[in-house]
Every structure is written in structure tokens, then in C-alpha cells.
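# Reading the structure
If you want the building blocks of each chain, they are given just below.
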Amino acid sequence: MSARIEQVVIPGVFSLDGQDFDVENNVWLVGDDEQVLVVDAPHDAAPIVAAIGGREVTAIVLTHGHNDHITAAPALREATGAPIWFNAADRMLWDMTHPDAGPDRDLHPGTVFTVAGTRLVALHTPGHSPGSTCLHAPDLNTVFTGDTLFCGGPGATGRSFSDHPTILRSIRAQLLSLHGDTVVKTGHGDDTTIAAELRNVG
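Read on for an overview of the structure.

What counts, and where the lines are drawn
- Residues numbered from 1 in each chain as written.
- Predicted model: local features only at pLDDT ≥ 70, side-chain atom pairs only at ≥ 80, totals over all residues.
- Heavy atoms only, no water.
- Core = buried A, V, L, I, M, F, W, Y, C linked by side-chain atoms within 4.5 Å.
- Buried < 20%, exposed > 50% of the residue type's maximum accessible area, 1.4 Å probe, protein only.
- Helix = DSSP H or I, 4+ residues; strand = E, 2+ residues; numbered from the N terminus.
- Contact = heavy atoms within 4.5 Å.
- Pairing = 2+ DSSP bridges.
- Axes fitted to C-alpha atoms, helices over the stretch in contact; angles between N-to-C directions.
- Left-handed = near helix turned anticlockwise from the far one by under 90°.
- Phe/Tyr/Trp six-rings, centres within 6.5 Å; stacked < 30°, edge-to-face > 60°.

### Let's talk about the nonpolar core
- With 21 residues, the main nonpolar core has V38, A41, I48, I52, I60, L62 and L76 as its most contacted residues.
- Counting only elements with at least two residues in this core, the list comes to β1 (4-16), β2 (19-31), β3 (35-39), α1 (45-52), β4 (56-61), α3 (73-80) and β5 (84-86).
- Examining the composition of this core, we find that three residues originate from one element, α1, more than from any other.
- Those residues in contact with I48 that lie beyond four places of it in its chain are I10, V27, L29, V38, D40, A41, P42 and L76.
- Grouped together as the second largest cluster of nonpolar side chains are 17 residues, W28, L107, A137 and F144 included.

Structure below.
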């Protein structure tokens, strides 16, 4: 059976700079009936564990360090035994949420994951945060963009450790060069495509 993509939506709270926001986060599972890779671990591990359904988890890959993407990561690691991959440039954000626990492995540009016969390649896309990282799955014609690129344009850059010119450079260099029909699966909200977002990136 070829790899497929499954979605879990988990509500919770994003907290930064002394403000709280109610959000709904997308979690993406990439795999087959035997094994999966998990993209992001927000709010509560239980619905993610339920979606995994006893399959082997090869990796927990976090797109960036905001609490609404990493809160459940240590609990998910405990439940599955899978390592947490995380870009060290966001370690200051990680430490705000998990001062007493660390990720397992550094997520570098070009890191390659293989799950259910499908490759995913890490693309470093700073701007929303310094360590923001997307995962490109060419075989699935998909890129998982975290909060770097949404349906409607770039992710937010109004908080600490973010920068608008940087996110635009990242999107242009790393994402808009992908094939136009590549499906963009985001950290919040609806899917889009690279072609659709060309007009939304100034």
C-alpha cells in the first residue's frame, strides 16, 4: 500500500508575548497501515495517539517552536517511542514551553525522512520563526508548510523572533520554486497550492 496523508485537527491556545489566542492546529500523519511520520504535535497528544492507532511512528517532526505546535511533543514521544526532530534555531521558543525536556535530534536543511516508501525533505524557511522548517514530499506532490505559507499568503510575522522580509525570501526561494500544482498542507486552515499562492506573495 502506498503512503497516504491523514489530518487531525486539534483546538487549543497559542501563547506568545503575553497574549493568548484560540486556534485550531493541523496535525499531519504521513504513512501507511504499518508506520507513520507525524508533522507537529499541538495541544494534546491523545487525539494524535488515537489517529496513529498503534502503528509504528518513525519520527515526530516539528515545523517550528511556537507552543501550539510543540506542546504535546514530549507526551507523544512517551506514548510512541519516536524521536522528536526540531530545528535548533527555535530552541528559545521550545524552552518557553518545555524548560525541563529537550528534543532528540536536530532538524537541518536537507534532512531526509523515509516512511512507507515515501521521502520527505526538510526545507529551512525562516521568517515566522528563525527555525521554521517545511517538509516537501515529492512523491505525494505535497509540501507541509507549518505556519510559513497559508491559503492566502505568508504566515504571521508580528510576534517576537519573526520577520516579514525574511519569510518572503524563504517562500520565494524554497516554496515558490516547487511545481505549481504542489499541494500546500498548512499548520492551520485549508489546503492550497503553490500556483494559487504565487499571487498572494508580494
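### A short note on the environment of V9
- As for its placement among the helices and strands, V9 is situated in strand β1.
- Take V9: its relative accessible area is 44%, and that puts it in the partly exposed class.
- Through-space distance from the C-alpha of V9 to that of D20 is 19 Å; in sequence the pair is 11 residues apart.
- Here V9 is in contact with E24, N25 and N26, once residues within four sequence places are set aside.

### Notes on the sheet that holds strand β14 (residues 192-193)
- With mixed pairing, six strands are arranged side by side in an open sheet as β7-β8-β9-β10-β13-β14. Two strands lie at the open edges of the sheet, namely β7 (112-115) and β14, each paired on one side alone.
- Pairing of strand β8 (residues 118-124) with strand β9 (residues 133-137), which is carried by four bridges, proceeds in the antiparallel orientation. Each residue of the ladder has a partner; that of A122, found in β9, is L135.
- Set on the sheet, helix α5 (residues 164-175) makes contact with β8, β9 and β10 (142-146); between it and β8 the angle comes to about 145 degrees.

### Here's the deal with the packing of α1 against α3
- The N-to-C vectors of α1 and α3 enclose an angle of 35 degrees; their axes lie 9 Å apart at closest approach. α3 is crossed by α1, and the crossing has right-handed handedness. Counting all contacts with α1, which are made through A45, I48, V49 and I52, the residues of α3 involved are A75, L76, A79 and T80.

### Quick look at the packing of aromatic side chains
- Under the definition given, this model contains four aromatic pairs.
- Judged by centre distance (6.1 Å) and plane angle (50 degrees), the rings of W28 and F144 are tilted. Linking W28 in strand β2 with F144 in strand β10, this pair joins segments that are 116 residues apart in sequence.
- We classify F144 as buried; its relative accessible area is 1%.

Read these as layout, nothing more, since geometry by itself doesn't imply function.
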